[in-house]
Amino acid sequence: MRLVIGSDHGGFALKESIKKHLAERNIEVEDYGTFSEESVDYPDYALKVSLAVAKGEFDGGILCCGTGIGVSIAANKVKGIRAAHVTDCFSARYAKEHNNANVICLGGRVTGPGLADMIVDEWLDAEFQGGRHLKRVEKIAEIEREYLHGEEC
Ligand code: RB5
């Protein structure tokens, strides 16, 4: 499995801590920045990570900002991205099982590093259940085709 991770300054510390956890699990992760706590704009990092996931270059993406909200709003503007802003393990699991979320978004000023690791694990270890959930995810893709204009990745 290959993941891509990114953050703004508000999510930088959490990104670094999640990277350590993924390394302990021997999961390969590419870091698209930011690389310090200097102020940057979260949409730039959300876009880089989301485009790479939408193009199929990675199996999933992790985004962090201060709250997790900004990166999730930006990521969900990219066709094919189902980004879930998650603050608990239950939602993390169902984000994959029901929504097939291919990007997970966390807030470095909201979620502590221990809980963040558990959230990432729940999401990574869960499997999309398909069936009635596939029909619903396909309806999201239909909405994208009709209302979200831009290039298919
Ligand atoms: C940056 O100060 C902050 O606005 C950003 O990290 C994020 O929380 C936005 O949603």
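Residues numbered from 1 in each chain as written. Predicted model: local features only at pLDDT ≥ 70, side-chain atom pairs only at ≥ 80, totals over all residues. Heavy atoms only, no water.

Undergrad: Help me understand the packing of aromatic side chains, please; the structure alone is not making it clear to me.
TA: How two aromatic rings sit relative to each other is given by the distance of their centres and the angle of their planes. Scanning the entire structure with this criterion turns up 2 aromatic pairs. Look at Tyr32 and Phe58: their rings are 5.9 Å apart centre to centre, the planes differ by 85 degrees, and that puts the pair in the edge-to-face class. Residue Tyr32 is located in the loop between strand E2 (28-31) and helix H2 (42-54), and its partner Phe58 is located in the loop between H2 and strand E3 (60-65); the two are separated by 26 residues in the primary sequence. The class for Tyr32 is partly exposed, based on a relative accessible area of 24%. Here the basic side chain of Lys96 rests over the ring of Trp123, its NZ or CZ set 5.1 Å away from the ring centre. (Phe/Tyr/Trp six-rings, centres within 6.5 Å; stacked < 30°, edge-to-face > 60°. Helix = DSSP H or I, 4+ residues; strand = E, 2+ residues; numbered from the N terminus. Buried < 20%, exposed > 50% of the residue type's maximum accessible area, 1.4 Å probe, protein only. Lys NZ or Arg CZ within 6 Å of the ring centre and 35° of its normal.)

Undergrad: In this structure, what is going on with unusual backbone geometry? I would like to understand it.
TA: In the segment running from Gly33 into Thr34, the intervening peptide bond is cis, with an omega of 5 degrees. Within the secondary structure, Thr34 is located in the loop between E2 and H2. Here the phi dihedral of Asn26 falls at roughly 55 degrees; this positive angle occurs in a residue that is not glycine. Residue placement: Asn26 occurs in the loop between helix H1 (12-24) and E2. Even without a glycine there, the phi angle at Asn100 is positive, about 50 degrees. Tracing the sequence through the fold places Asn100 in the loop between helix H4 (89-97) and strand E5 (103-107).

Undergrad: Explanation requested: the site of the ligand in the structure shown.
TA: Taken together, Asp8, His9, Tyr42, Cys65, Gly66, Thr67, Gly70 and Arg109 make up the full set of residues adjacent to the ligand. Within the contact set of the ligand, an oxygen atom lies 2.7 Å away from a backbone nitrogen or oxygen of Gly66. Side-chain polar atom of Arg109 to an oxygen atom of the ligand: 3.3 Å apart, as the coordinates give it. (Near = heavy atom within 4 Å. Polar contact = N/O pair within 3.5 Å; in protein donor to acceptor, adjacent residues only side chain to side chain.)

Undergrad: Can you help me understand a positive patch on the surface in this one?
TA: The grouping of Arg132, Lys135, Arg136 and Lys139 at the surface amounts to a positive patch. Position of Arg136 among the secondary structure elements: in helix H6 (residues 132-147). (Patch = residues over 30% accessible without salt bridge, like charges linked within 9 Å, V, L, I, M, F, W, Y side chains within 5 Å. Areas by Shrake-Rupley, 256 points an atom, 1.4 Å probe, with all protein chains shown as cover. Salt bridge = Lys/Arg side-chain N within 4 Å of Asp/Glu carboxyl O. Lys, Arg positive; Asp, Glu negative; His and termini not counted. Charge placed at Lys NZ, Arg CZ, Asp CG, Glu CD.)

These figures capture arrangement, not role.
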